[in-house]
Amino acid sequence: MKCSKCGKRAVIWRKHEGTRLCPRHFLRSFESKARSTVRKFGGINYGEKIGVAVSGGKDSTALLLMLLERGIDPGDVVYFDTGWDFPQIYDHLEKLEKFTGITFVRLRTEKPFDYWMFEYEYEHRDGEIVRGYGFPTFKTRWCTRMKQDTISDYWRKTGKPVKYVGIAYDEKHRVKSAESGRLAKENQKYPLIEWEITEHQALIYCYEKGFDWGGLYNHFDVSLIHISEPTRPLYISYAVFCL
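Just so you know, these numbers come straight off a predicted model, no measurement behind them. By convention here, each chain's residues receive numbers from 1 onward along its written sequence. Reporting of local features is limited, given that this is a predicted model, to residues whose pLDDT is at least 70; pairs of side-chain atoms are given and counted only at 80 or more, and all residues count toward the totals for whole chains, interfaces and linings. Processing note: side-chain calculations cover all non-hydrogen atoms of the structure and skip hydrogens and water entirely.

*Asks:* Would you explain unusual backbone geometry in this entry?
*Replies:* Glycine aside, residues mostly have negative phi, and peptide bonds are mostly found in the trans state. Phi at Lys160 is positive, roughly 50°, even though this residue is not glycine. Going along the chain from the N terminus, every DSSP run of H or I of four or more residues is numbered as a helix, and every run of E of two or more is numbered as a strand. Among the structural elements, Lys160 can be located in the loop between helix 5 (142–157) and strand 8 (162–164). Phi at Glu196 is positive, roughly 60°, even though this residue is not glycine. Relative to the assigned elements, Glu196 resides in the loop between helix 7 (191–194) and helix 8 (199–208). Residue classification places Glu196 among the partly exposed residues on the basis of a relative accessible area of 24%. Between buried and exposed lies partly exposed: a residue is buried under 20% and exposed over 50% of the maximum accessible area for its type, with that area taken using a 1.4 Å probe on protein chains only.

Printed below as a string of structure tokens:
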């Protein structure tokens, strides 16, 4: 696959445009789209107080780097540490801090996630005393709730900034879900969607900047990178079973 602009090896295919781009022309295209979006819709308000939450993955990393590239102060950069991420994620965050010169705010729950999963006792609606919330699933995402609540509490205590969220253009359906749920009243913006940056484009962009997560994205589907450590083997086994 060759670049539509220069004929070199392309790494991005923009199906809706019918163009294939090499890394250099992809970055140029991104900059052009970002400028166009700001002119057309107003986009980012350069004077507003903002905050960025990073997960350590490609989308939030790309968002942070693109904001800095545009000369935008990201404000507080927050990372919620579950204690369950891959070692490569922690290594990546340290590298990202050194690259940007920003010391991230690292948040945790008062007790570790292992406690909530295995030890916390609560009364079930049938009256039974249950120990531990158990393994998180897509239906019982207690860990996601704790993460969102902890980050939201931090933002409220620091002046309620506009939260910039790293959701990619091809995952924009997640915005509707977020804004109709528990985070409906949060003041959030989604620059990657405004700039039409897909998951794959975000990953290529990060690679071009020298971030490769120790090859983590070469071994796992992107959706598995942030699945909680204790539950990850179950999901991987399920994925392999379904092949």
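There is more to say, and it comes next.
*Asks:* Just to check I follow, could you spell out helix 5 for this structure?
*Replies:* Turn by turn, an α-helix covers 3.6 residues, leaving residues three or four places apart pointing in a common direction. Given a rise of 1.5 Å per residue, 16 residues ought to cover 22 Å, and the 23 Å separating the end C-alpha atoms of helix 5 matches this to within 8%. Every buried residue of helix 5 is listed here: Trp142, Cys143, Met146, Thr150, Ile151, Ser152, Tyr154 and Trp155. We call two residues in contact whenever any of their non-hydrogen atoms come within 4.5 Å of each other. Next to the buried residues of helix 5 lie strand 3 (50–53), strand 4 (76–80), strand 5 (105–107), helix 4 (113–118) and strand 8. At the exit of helix 5 stands Gly159, carrying a positive phi of roughly 100°. The span expected for a helix works out to 1.5 Å for each residue beyond the first.

*Asks:* Would you take a moment to explain the packing of aromatic side chains for this structure?
*Replies:* The geometry of an aromatic ring pair comes down to the distance between the two centres and the angle between the two planes. Two rings belonging to Phe, Tyr or Trp (six-membered ring only in the last case) form a pair when the distance between their centres is within 6.5 Å. Interplanar angles under 30 degrees mark stacking, angles over 60 mark edge-to-face geometry, and anything in between is tilted. For the coordinates displayed, the defined rule picks out 17 aromatic pairs. Here the aromatic rings of Phe118 and Phe135 are separated by 6.4 Å at their centres, their planes lie at 90°, and the arrangement is edge-to-face. Residue Phe118 is located in helix 4, and its partner Phe135 is located in the loop between strand 7 (129–131) and helix 5; the two are separated by 17 residues in the primary sequence. Taking the relative accessible area as the measure of exposure, Phe135 reaches 40% and is therefore partly exposed.

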